[in-house]
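An overview of the molecular structure
The lines below spell out each chain.
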Amino acid sequence: MAAALAAWLPARRARLARPGAAAGASAQWTQLAQLATRFFDVRGLAPEDPAQPWAEAGNRLLRKGPRRYLVHAAHWQAARVDAATVQAVLRAVAQQRATAGIVLCARDVFTPAARALARENAILLLEPGQLRPLPPPREGAAPVAPVVPAPAVNAPRAAPAAVAAAAAPRPLPAAPRRPVLRPDDEVRGRRDFMPTVPFTPDAAAAPGGAC
């Protein structure tokens, strides 16, 4: 097994060292560099030395006004870019006194740790999926309006019981109850009944006063 592995490794190195493999890598780098240059041009980032070609796997300094950006392309063919690579880019950004750094790769090979560290330190991770421009809209197709989230309402919400109470119709006021004992002016007396004045003790003692 060890002998087969030892024989396979030199053959693999020979295949990678073929002129065709080197030409393929150069073509891939040329396409990646063109995509990245177009991406930066649209955003107003220009190279500090436009006359100097972008060498394969070489870093490049971009400028936009007073800000400088370091594009790190040394790992453009890497199979995996981890947090250690992002830390190395951070050190290079500090040495170049740049505003921020950009890591350019030919594939999406960034680990979650590398993404987290880059997000915390303003490092942009770029791969071809982000560099390609969006396709133009088809002729006659209506533009898709962006979905705008509704603004948050800061007013406190009413409780469900309060909402139900507000929605329910108010009951009509009850008619006033008539008193059980009515006042004298509402009592109807009999016309044929004539109340008599009670006898005083003297009238009762007089002859013929009592019935």
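**As for the overall build of the protein**
When helices and strands are counted, the protein shows 7 helices and 5 strands. The N-to-C order of helical and strand elements in the protein reads α-α-β-β-β-α-β-α-β-α-α-α. Residues counted as buried form 23% of the 211 residues belonging to the protein. Considering only residue pairs separated by 6 or more positions, the protein has 50% of its internal contacts joining residues 24 or more positions apart.

**A look at the environment of Arg68**
Tracing the sequence through the fold places Arg68 in strand E3 (residues 67-72). Between the C-alpha atoms of Arg68 and Gly101, which are 33 residues apart in sequence, the distance is 8.8 Å. When residues no more than four places from it in sequence are discounted, the contact partners of Arg68 are Glu48, Leu61, Leu62, Arg63, Gln96, Arg97, Ala98, Thr99 and Ala100. For Arg68, the side chain forms a polar contact with the main-chain oxygen of Gln96, separated by 2.5 Å.

**A look at the packing of aromatic side chains**
All chains considered together, the criterion is met by 3 aromatic pairs. Measuring from ring centre to ring centre gives 5.7 Å for Phe39 and Phe40, while their planes differ by 75 degrees; the resulting arrangement is edge-to-face. Pairwise contacts between aromatic rings join Trp29, Trp54 and Trp76 into one cluster. Seen from the ring of Phe39, Arg43 lies directly overhead, with NZ or CZ sitting 3.7 Å from the centre.

**Topic: the confidence of the model for the protein**
Here the protein shows a mean pLDDT of 74. Residues at 70 or above account for 53%. Looking across the protein, the model is least confident in helix H1 (residues 2-16), with a mean pLDDT of 46, and most confident in helix H4 (residues 112-120), with 97. In this model, residues 1-12 is a region of pLDDT below 50 whose contacts with residues beyond four sequence positions or in other chains number 1 contact. Throughout residues 143-156 the model reports pLDDT below 50, and contacts reaching past four residues in sequence, or to other chains, amount to 0 contacts.

**Topic: H4**
Given 3.6 residues per turn, any residue in an α-helix points the same way as the ones three and four places further on. Where H4 is concerned, the buried positions are Ala114, Leu117 and Ala118. The buried residues of H4 occupy one face: seen down the axis, they fall within an arc of 100 degrees. Opposite the buried face of H4, at more than 90 degrees from it, the exposed residues are Pro112, Arg119 and Glu120. Where H4 is buried, its residues meet helix H3 (83-96) and strand E5 (123-126). Of the residues flanking the end of H4, it is Ala122, one or two places downstream, whose phi is positive at about 60 degrees.

**Quick look at the packing of H3 against H4**
The contact between H3 and H4 brings their axes to 7 Å, and the two run at 30 degrees. The angle between H3 and H4 falls in the class roughly parallel. Between H3, through Ala83, Val86 and Gln87, and H4, the contact on the second element is made entirely by Ala113, Ala114, Leu117 and Ala118. Tallied by class, the residues present in the contact of H3 with H4 amount to 6 nonpolar, 1 polar and no charged.

**Quick notes on the pairing of E3**
With 5 of 6 residues buried, E3 is to be regarded as a mostly interior element. Bridge count for strand E2 (residues 60-64) against E3 is 5 bridges, and the pairing is antiparallel. Paired with Arg63 across the bridge in E3 is Arg68. Between E2 and E3, which pair antiparallel one after the other, the connecting turn spans 2 residues, and Gly65 there sits at a positive phi close to 65 degrees. In the sheet, E3 pairs with strand E4 (residues 100-104) via 4 bridges, with the strands oriented parallel. From the neighbouring strand, His72 faces E4, where its bridge partner is Val103.

The rules behind these values
- Starting afresh in each chain, residues are numbered from 1 along the sequence in its written order.
- It should be noted that, the model being predicted, local features are given only for residues of pLDDT at least 70 and side-chain atom pairs only at 80 or more, the latter also being counted only at that level, while totals for whole chains, interfaces and linings use all residues.
- The side-chain quantities take in all heavy atoms of the structure and omit both hydrogens and water.
- Secondary structure elements follow DSSP: runs of H or I no shorter than four residues count as helices, runs of E no shorter than two count as strands, and numbering proceeds from the N terminus.
- Buried means the residue's accessible area, taken with a 1.4 Å probe over protein chains only, is under 20% of the maximum for its type, while exposed means over 50%, and partly exposed covers the values in between.
- Residue contacts are counted whenever heavy atoms from the two residues lie within 4.5 Å of one another.
- Pairing of N or O atoms within 3.5 Å defines a polar contact, subject to two protein rules: one partner must be a possible hydrogen donor and the other a possible acceptor, and residues neighboring in sequence count only if both atoms are side-chain atoms.
- Stacked, tilted and edge-to-face pairs are distinguished by plane angle, under 30 degrees for stacked and over 60 for edge-to-face with tilted covering the rest, among Phe, Tyr and Trp rings (Trp via its six-membered ring) whose centres lie within 6.5 Å.
- Our definition puts a charge over a ring when NZ of Lys or CZ of Arg is within 6 Å of the ring centre and also within 35 degrees of the ring normal.
- How sure the predictor is of each residue is captured by pLDDT, a score from 0 to 100.
- Comment: arc refers to directions from the helix axis out to C-beta atoms.
- The axes used here are C-alpha line fits, helices contributing only the stretch in contact, and every angle between their N-to-C directions lies in the interval 0 to 180 degrees.
- Throughout this description, any angle smaller than 35 degrees is read as roughly parallel, any larger than 145 degrees as roughly antiparallel, any in the 65 to 115 degree range as roughly perpendicular, and the remainder as oblique.
- Nonpolar residues are Ala, Val, Leu, Ile, Met, Phe, Trp, Tyr, Cys and Pro. Charged residues are Asp, Glu, Lys and Arg, and all others, Gly as well, are polar.
- Being paired, for any two strands, means DSSP has found at least two bridges between them.

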